[in-house]
Amino acid sequence: EKGGYDYFMLKEIAEQPQAVADTLLGRLGENGEIALDEVRLTDQDLRDVDKVFIVACGTAYHAGLVAKYAIEHWTRVPCEVELASEFRYRDPVLDRSTLVVAISQSGETMDTLMALRHAKEQKARVLAICNTNGSTIPRESDAVLYTHAGPEIAVASTKAFLTQLVACYLVGLHLAQVRGIKYADEVAAVVAQLQEMPGKLQEVLGTMEPVRELARSLAEAKSVLFIGRHVGYPVALEGALKLKELAYMHAEGFAAGELKHGPIALIDEGCPVVCVVPSPAGRGVLHDKIVSNIQEVRARGAQTIVIAEEGDDDVVPYADHLVRVPRTPTLLAPLVTTVPLQVLACEIAAARGHDVDQPRNLAKSVTVE
Ligand code: F6R
């Protein structure tokens, strides 16, 4: 049932192009309108939204962090992302013009469910992004967009994460359309770019052999750091989380701009630092900043593992290991840059002899606080 793979996780990593394609399928209406699955909200309700809160846990929270960049850019509505376990205990400011987006693969995560209930008590509108049909979180929400990742068996989330990203993009585009703001013009272009992602993911999967080799060489590392900027920052957090949970290794993700405010002191000779580099096209400043961050960590002895677009030559002199991903618009880049980090964590864990599908102390669905 693992379809020839050693682990469910490897199978699920390989299923990502299909999972992304399935999540996009049928979401476009006749006039290019993006449709949610269940909407017990009127368009006017969505037009009245003056603030978006995204609540989730773990990997789903990282999807939310990416979503913030897309939703604010496309809709110009302020968007905050919060760990569900923090949100529910801190008296957030919510009312009927707040849209709370709850992201959950299982649909049963207790912290996320309780955050959703708290939001509803305050009259906020709740939209669920969920992979499990009919589970509690979508049942209690005002609107639902299902991810079509199919069942995820490995405890560590992979394909569900990528489909959560896709669903977040669709929600952002739907809001932009309904609200009719100027970015609505971008919607068709972004949808076309999204349709290209399954093919790009397939390309990425075809180039993972050097990442596997690299993973074996990192199996004895004490600690691995991940840095990124903009949407690359949540990708860095996700890469670090995967490594912690699978390889039981110290791993941390940082916003690259924060390095000199403390974390750079961690870097010593040979310390692996994974650098998620944004596209040089579009947001050039961002790209140049991270290139200088890579230089900085390397000058302090780091072994740099650079994830960068094809054709980005600026990074070549500073990359001890270079992993290429296809050219992708900045906001969508997490779909491709996450994959090498999943493979890296999975292979490091396997090299260390761990049960990749069933990491110690973890459960697939966390239905207690
Ligand atoms: C990490 C992982 C967890 C889940 C988190 C939320 O690989 O799988 O961090 O993402 O427990 O679970 P759901 O999405 O089911 O609410």
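Cut-offs used in this document
- Residues numbered from 1 in each chain as written.
- Predicted model: local features only at pLDDT ≥ 70, side-chain atom pairs only at ≥ 80, totals over all residues.
- Heavy atoms only, no water.
- Axes fitted to C-alpha atoms, helices over the stretch in contact; angles between N-to-C directions.
- Helix = DSSP H or I, 4+ residues; strand = E, 2+ residues; numbered from the N terminus.
- Parallel < 35°, antiparallel > 145°, perpendicular 65-115°, else oblique.
- Contact = heavy atoms within 4.5 Å.
- Nonpolar A, V, L, I, M, F, W, Y, C, P; charged D, E, K, R; others polar.
- Near = heavy atom within 4 Å.
- Polar contact = N/O pair within 3.5 Å; in protein donor to acceptor, adjacent residues only side chain to side chain.
- Areas by Shrake-Rupley, 256 points an atom, 1.4 Å probe, with all protein chains shown as cover.
- Buried < 20%, exposed > 50% of the residue type's maximum accessible area, 1.4 Å probe, protein only.
- Pairing = 2+ DSSP bridges.
- Right-handed = clockwise from strand over helix to strand, strands pointing away.
- UniProt positions renumbered as here; feature names shortened; annotations may be inferred.

A closer look at the packing of helix 2 (residues 16-24) against helix 10 (residues 197-205)
Running from N to C, helix 2 and helix 10 cross one another at 170°; their axes reach a closest spacing of 8 Å. When the interaxial angle is binned, helix 2 and helix 10 end up roughly antiparallel. Residue-level inspection shows Gln16, Pro17, Val20 and Ala21 of helix 2 in contact with helix 10, the latter providing Met197, Pro198, Leu201, Gln202 and Leu205. For the contact of helix 2 with helix 10, the residue count by class is 7 nonpolar, 2 polar and no charged.

Quick look at the site of the ligand
The ligand sits among 13 residues. The nearest are Ser104, Gln105, Ser106, Thr109 and Glu245. Contact between the ligand and Glu245: an oxygen atom at 2.5 Å from a side-chain N or O atom of the residue. Protein chains shield 89% of the accessible area of the ligand, which is 410 Å² for the free molecule. Ranked by residues supplied to the shell around the ligand, first place goes to helix 4 (residues 58-75) with 3 residues. Its residues placed into classes, the shell around the ligand shows 4 nonpolar, 7 polar and 2 charged.

Some details on the pairing of strand 2 (residues 51-56)
Most of strand 2 is tucked away: 5 of the 6 residues are buried. Sheet topology places strand 2 next to strand 4 (residues 98-104); 5 bridges connect them, and they run parallel. Within the sheet, the bridge partner assigned to Val52 lies in strand 4 and is Leu99. Relative to strand 3 (residues 79-83), strand 2 is paired through 5 bridges, and the arrangement is parallel. Pairing of Phe53 across the sheet is with Glu80, part of strand 3. In this fold, the crossover linking strand 2 to strand 3 by way of helix 4 has right-handed handedness.

Considerations on unusual backbone geometry
The phi torsion of most residues other than glycine is negative, and most of the peptide bonds are trans. You will see that Asp91, though not glycine, has its phi angle at about 60°, which is positive. Mapped onto the elements, Asp91 comes out in the loop between helix 5 (84-87) and strand 4. Although it is not a glycine, His230 adopts a positive phi angle of roughly 55°. Using a relative accessible area of 18% as the deciding quantity, one classes His230 as buried.

Concerning the UniProt feature "active site" (unreviewed entry) in the protein chain
Mapped onto this structure's residue numbering, the UniProt feature "active site" (unreviewed entry) falls at Lys364. Those residues in contact with Lys364, other than ones at most four positions away along the chain, are Gln105, Glu152, Ile153, Ala154, Val155, Ala156 and Ser157. A polar contact is formed between the side chain of Lys364 and the side chain of Glu152, at a distance of 2.7 Å.

Digging into the sheet that holds strand 1 (residues 38-39)
Spatially, the 6 strands line up as an open sheet ordered 1-6-5-4-2-3, and their pairing is mixed. Of all the strands in the sheet, the pair left with one neighbour each is strand 1 and strand 3. In this sheet, strand 6 (residues 143-146) lies alongside strand 5 (residues 125-130) in parallel orientation, the contact comprising 4 bridges. Opposite Ile129, over in strand 6, you have Leu145 as the bridge partner. Lying on the sheet, helix 4 is in contact with strand 2, strand 3 and strand 4; it crosses strand 3 at an angle near 170°. Taken strand by strand, helix 6 (residues 110-121) contacts strand 2, strand 4 and strand 5, and its axis lies near 165° from that of strand 4.

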